[in-house]
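So you can see what is in the structure, the chains are spelled out below.
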Amino acid sequence: SEQDFIQPDCDIEIEKLYLNDNSISDISALSSLAQLETVDLSNNSIADAAALGSCSKITSLSVNNNKLTNLNGIVELSKLTTLSAKNNSISDISGVAKLDAVTSIDLHNNKISDLGAFAEDKGMAAATTVVLSGNSGITDISALENAFDVEKLTSINLSLIEEGSVTEETPD
C-alpha cells in the first residue's frame, strides 16, 4: 500500500516537491499545498492530475511517464512556465491554450491527434519551445498557424522519430 507522504491538515509551505520514481497513483493530498512552485511527479502511476489545479503558484511541472490521458487540473495553472508531460497516454489537450505563461511545453510520445486546442483563446503566445514529436495521430497542423507568437517561438518539434534514435550506417 502507498504511504501518505503529505498530511493535508498540516500548515506546510513546501515550494519544491520531488516525488519522482515512486508508485504514486493518488495525488489528491497535494491540493492543499498552495505554496508549490516546482513539482516533479515523473515515473509514477498517476492517471488524474486534477488535484494540481488548486496549486496556483506552480511554475514548473514534470509529469513524465505516468498514465495521464488529459491535462485536467494542469490547464488551471496560470503561472506555469514549463510543462513536461511526455510518455503518457494524453489524447485530450482541451484547455492547453489557457497556459499562456508557458514558455516550454513537452508532450512528446502521447496519443495526441487533434491540435485545435492550441489555437483556442489567444493561443500560447509566450511559448518558445514546443515538443509534440512521437504523436503519430497528428495529421493536420493547420491549428498551429495562429497558436503561437512566431517572433518568440524558437523550436517546434513534430517529428515521429525521437532525436538521437536514428543511427547512421557507415559504408564498408
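Residues numbered from 1 in each chain as written. Predicted model: local features only at pLDDT ≥ 70, side-chain atom pairs only at ≥ 80, totals over all residues. Heavy atoms only, no water.

Sorry, what's going on with the overall build of the protein chain here?
If you tally the helices and strands in the protein chain, you get zero helices and seven strands. Walking the protein chain from its N terminus toward its C terminus, one meets helices and strands in the order β-β-β-β-β-β-β. A burial count over the protein chain gives 40% of its 172 residues as buried. Within the protein chain, contacts between residues at least 6 apart in sequence are counted, and of these 31% link residues at least 24 apart. Summed over all atoms, the accessible surface of the protein chain reaches about 9300 Å², with 43% contributed by carbon and sulfur. (Helix = DSSP H or I, 4+ residues; strand = E, 2+ residues; numbered from the N terminus. Buried < 20%, exposed > 50% of the residue type's maximum accessible area, 1.4 Å probe, protein only. Contact = heavy atoms within 4.5 Å. Areas by Shrake-Rupley, 256 points an atom, 1.4 Å probe, with all protein chains shown as cover.)

Explain the pattern of salt bridges here, please?
Close approach of charged atoms lets side chains of opposite charge pair. Following the criterion strictly, the structure yields two salt bridges and no others. Glu76 serves as the salt-bridge partner of Lys98, at 3.1 Å between the closest nitrogen and oxygen. Of this pair, Lys98 sits in the loop between strand S4 (82-84) and strand S5 (104-106) while Glu76 sits in the loop between strand S3 (60-62) and S4, and the two are 22 residues apart along the sequence. Lys98 gets classed as partly exposed once you look at its relative accessible area, which sits at 37%. Taking relative accessible area as the criterion, Glu76 reaches 43% and is therefore assigned partly exposed. Note that Lys86 and Asp106 form a salt bridge whose closest N and O atoms lie 3.9 Å from each other. (Salt bridge = Lys/Arg side-chain N within 4 Å of Asp/Glu carboxyl O.)

I tried to follow the side chain of Asp106 on my own but got confused; where do I start?
Relative to the assigned elements, Asp106 resides in strand S5. Excluding anything up to four places from it in sequence, Asp106 contacts Leu83, Ser84, Ala85, Lys86 and Val131.

Any chance you could explain a negative patch on the surface here in plain terms?
Taken together, the side chains of Asp114, Glu120, Asp121 and Asp140 make up a negatively charged region of the molecular surface. With respect to the secondary-structure elements, Asp114 resides in the loop between S5 and strand S6 (129-131). Residue classification places Asp114 among the exposed positions, given a relative accessible area of 52%. (Patch = residues over 30% accessible without salt bridge, like charges linked within 9 Å, V, L, I, M, F, W, Y side chains within 5 Å. Lys, Arg positive; Asp, Glu negative; His and termini not counted. Charge placed at Lys NZ, Arg CZ, Asp CG, Glu CD.)

Would you explain the sheet that holds strand S1 (residues 16-18) in this entry?
Remark on secondary structure: sheet strands pair via backbone hydrogen bonds, oriented parallel or antiparallel. Within the open sheet, the seven strands sit side by side as S1-S2-S3-S4-S5-S6-S7. Their pairing is parallel. The strands lining the two open edges of the sheet, one partner per strand, are S1 and strand S7 (155-157). Across this sheet, the average inter-strand angle for adjacent strands is 5 degrees, counted without regard to direction. (Pairing = 2+ DSSP bridges. Axes fitted to C-alpha atoms, helices over the stretch in contact; angles between N-to-C directions.)

What is the right way to read the confidence of the model for the protein chain from this model?
Detailed reading of the predicted coordinates is not advisable wherever pLDDT is low. Looking at the protein chain as a whole, the pLDDT averages 88, with 86% of positions reaching at least 70. Below pLDDT 50 for its whole length, residues 163-172 participates in two contacts with residues either more than four positions away or in separate chains. (pLDDT = per-residue confidence, 0-100.)

Even after reading the chapter, I still don't get the environment of Asp140, so can you show me in this structure?
Its place among the elements puts Asp140 in the loop between S6 and S7. Taking the relative accessible area as the measure of exposure, Asp140 reaches 44% and is therefore partly exposed. Along the chain, Asp140 and Ser113 lie 27 residues apart, while their C-alpha atoms are 8.2 Å from each other. There is a polar contact of 2.8 Å between the side chain of Asp140 and the side chain of Ser142. (Polar contact = N/O pair within 3.5 Å; in protein donor to acceptor, adjacent residues only side chain to side chain.)

Even after reading the chapter, I still don't get the nonpolar core, so can you show me in this structure?
One recurring pattern in soluble globular proteins is that nonpolar side chains are buried together. Of all hydrophobic cores here, the largest spans 45 residues; its most connected members are Leu61 and Phe118. In contact with Phe118, not counting residues within four places along its chain, are Ile93, Val96, Ala97, Leu107, Gly123, Met124, Leu132, Leu144, Ala147 and Phe148. (Core = buried A, V, L, I, M, F, W, Y, C linked by side-chain atoms within 4.5 Å.)

When you look at unusual backbone geometry in this model, what are you seeing that I'm missing?
The phi torsion of most residues other than glycine is negative, and most of the peptide bonds are trans. The residue Asn43 is not glycine, and still its phi comes out positive at about 60 degrees. Of note, Asn43 is situated in the loop between strand S2 (38-40) and S3. On the basis of relative accessibility, which here comes to 30%, the residue Asn43 falls in the partly exposed class. Although it is not a glycine, Asn65 adopts a positive phi angle of roughly 55 degrees.

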